[in-house]
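# An overview of the molecular structure
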Amino acid sequence: MHPPAIRDAALSDLDAIMHLETSTFLTDAWSRDMMAAELAAPHTRYIVAVEGETVIGYAGLSAPAGVEQADVQTIAVDAAHRGRGIGARLLDVLLTEAAARGADDVLLEVRADNPTAQRLYERHGFAAIAVRPRYYQPDDVDAIVMRWEVPR
């Protein structure tokens with residue numbers, strides 16, 4: 001099986017992205033309006049992984065021009081396609097974009113009850129720097145704040 005193509009997300013991908021958003025983040029999914037605003041914002045870059053015409057993953061980065069810190073906003077891969085390195089490929093594209101935009105470091109929050117995602121980030125050089133208690137609501141799950149330094 002060939003790896004999926006990675007391309008920039010478009011507003012026409014919103015339905016597919018929202019399907020993944022609501023099926024991945026069951027209790028704390030972003031609203032359609034929030035996601036549409038993210039896709040359209042000049043300071044973000046959202047990408048999708050596609051097989052054929054089907055969006056099977058997406059990821060987003062916030063990195064306003066002139067700001068030294070970028071933020072990984074979200075990464076999600078369809079459950080049937082996990083374990084194939086798609087999340088890692090999406091993250092690689094975001095980290096390359098952050099460096100290209102001049103960021104010195106990249107931050108993200110990850111659920112404390114998601115060790116798979118934590119390992120993905122650790123493999124990419126992220127380190128835990130803080131905990132935000134009860135960040136994910138309504139589940140009362142802590143967020144682990146992780147940081148990656150852009151190599152120079």
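Everything in this summary refers to the structure shown in the same document. Being a predicted model, the structure only gives us computed values, none of them experimental.

What counts and how
Residues numbered from 1 in each chain as written. Predicted model: local features only at pLDDT ≥ 70, side-chain atom pairs only at ≥ 80, totals over all residues. Heavy atoms only, no water. Pairing = 2+ DSSP bridges. Helix = DSSP H or I, 4+ residues; strand = E, 2+ residues; numbered from the N terminus. Axes fitted to C-alpha atoms, helices over the stretch in contact; angles between N-to-C directions. Salt bridge = Lys/Arg side-chain N within 4 Å of Asp/Glu carboxyl O. Buried < 20%, exposed > 50% of the residue type's maximum accessible area, 1.4 Å probe, protein only. Parallel < 35°, antiparallel > 145°, perpendicular 65-115°, else oblique. Left-handed = near helix turned anticlockwise from the far one by under 90°. Contact = heavy atoms within 4.5 Å. Nonpolar A, V, L, I, M, F, W, Y, C, P; charged D, E, K, R; others polar. Core = buried A, V, L, I, M, F, W, Y, C linked by side-chain atoms within 4.5 Å. Phe/Tyr/Trp six-rings, centres within 6.5 Å; stacked < 30°, edge-to-face > 60°.

### Considering the sheet that holds strand S7 (residues 141-149)
- Here we have 7 strands laid out as an open sheet, ordered S1-S2-S3-S4-S5-S7-S6, and mixed in their pairing. The sheet terminates laterally at strand S1 (5-8) and strand S6 (127-136), the two strands that pair on one side only. Between one strand axis and the next, the sheet turns through 25° on average, direction left out of account.
- Sheet topology note: the strand S3 (residues 54-62)/strand S4 (residues 69-77) ladder contains 6 bridges and is antiparallel.

### Quick look at the pattern of salt bridges
- Across all of its chains, the model carries 13 salt bridges by this definition.
- Ionic pairing is found between Asp140 and Arg134, a salt bridge with its closest N-O pair at 3.1 Å.
- The exposure class of Arg134 is exposed, given its relative accessible area of 52%.
- Residue Glu149 is joined to Arg147 by a salt bridge in which the shortest nitrogen-to-oxygen separation is 3.2 Å.
- Owing to a relative accessible area of 53%, Glu149 belongs among the exposed residues under this scheme.
- In this structure Arg147 comes out as partly exposed when scored by relative accessible area, which is 29%.
- Linked through salt bridges whose partners overlap, the residues forming this network are Asp8, Arg45, Glu97 and Arg101.

### Quick notes on the packing of helix H1 (residues 14-24) against helix H2 (residues 32-40)
- Following both chains from N to C, one finds H1 and H2 inclined at 125°, their axes separated by 11 Å at the closest point. Taken together, the axis directions place H1 and H2 in an arrangement best described as oblique. For the element pair H1 and H2, the recorded crossing hand is right-handed. Contacts between H1 and H2 involve Leu14, Asp15, Ile17, Met18 and Glu21 on the former and, on the latter, Arg32, Met35, Ala36 and Leu39.
- Residues belonging to the contact of H1 with H2 are distributed by class as follows: 6 nonpolar, no polar and 3 charged.

### With respect to the nonpolar core
- Val72, Ile75, Leu90, Leu91, Val106, Tyr121 and Phe126 are the most contacted members of the largest nonpolar core, which totals 29 residues.
- Those elements giving two or more residues to this core turn out to be strand S2 (44-51), S3, S4, helix H3 (86-100), strand S5 (105-111), helix H4 (115-123) and S7.
- Considering each element in turn, this core owes the most residues, 7 residues, to H3.
- Here Ile75 is in contact with Phe25, Tyr58, Ala59, Gly87, Leu90, Leu91, Leu94 and Tyr121, once residues within four sequence places are set aside.

### Focus on the side chain of His81
- By the element assignment, His81 lies in the loop between S4 and H3.
- The contact partners of His81, leaving out residues within four places of it in the chain, are Glu51, Ile56 and Ile86.

### Some thoughts on the packing of aromatic side chains
- One pass over the full model with this rule turns up 3 aromatic pairs.
- Here a set of aromatic residues connected by ring pairs shows up, and it is made of Tyr121, Phe126 and Trp148.

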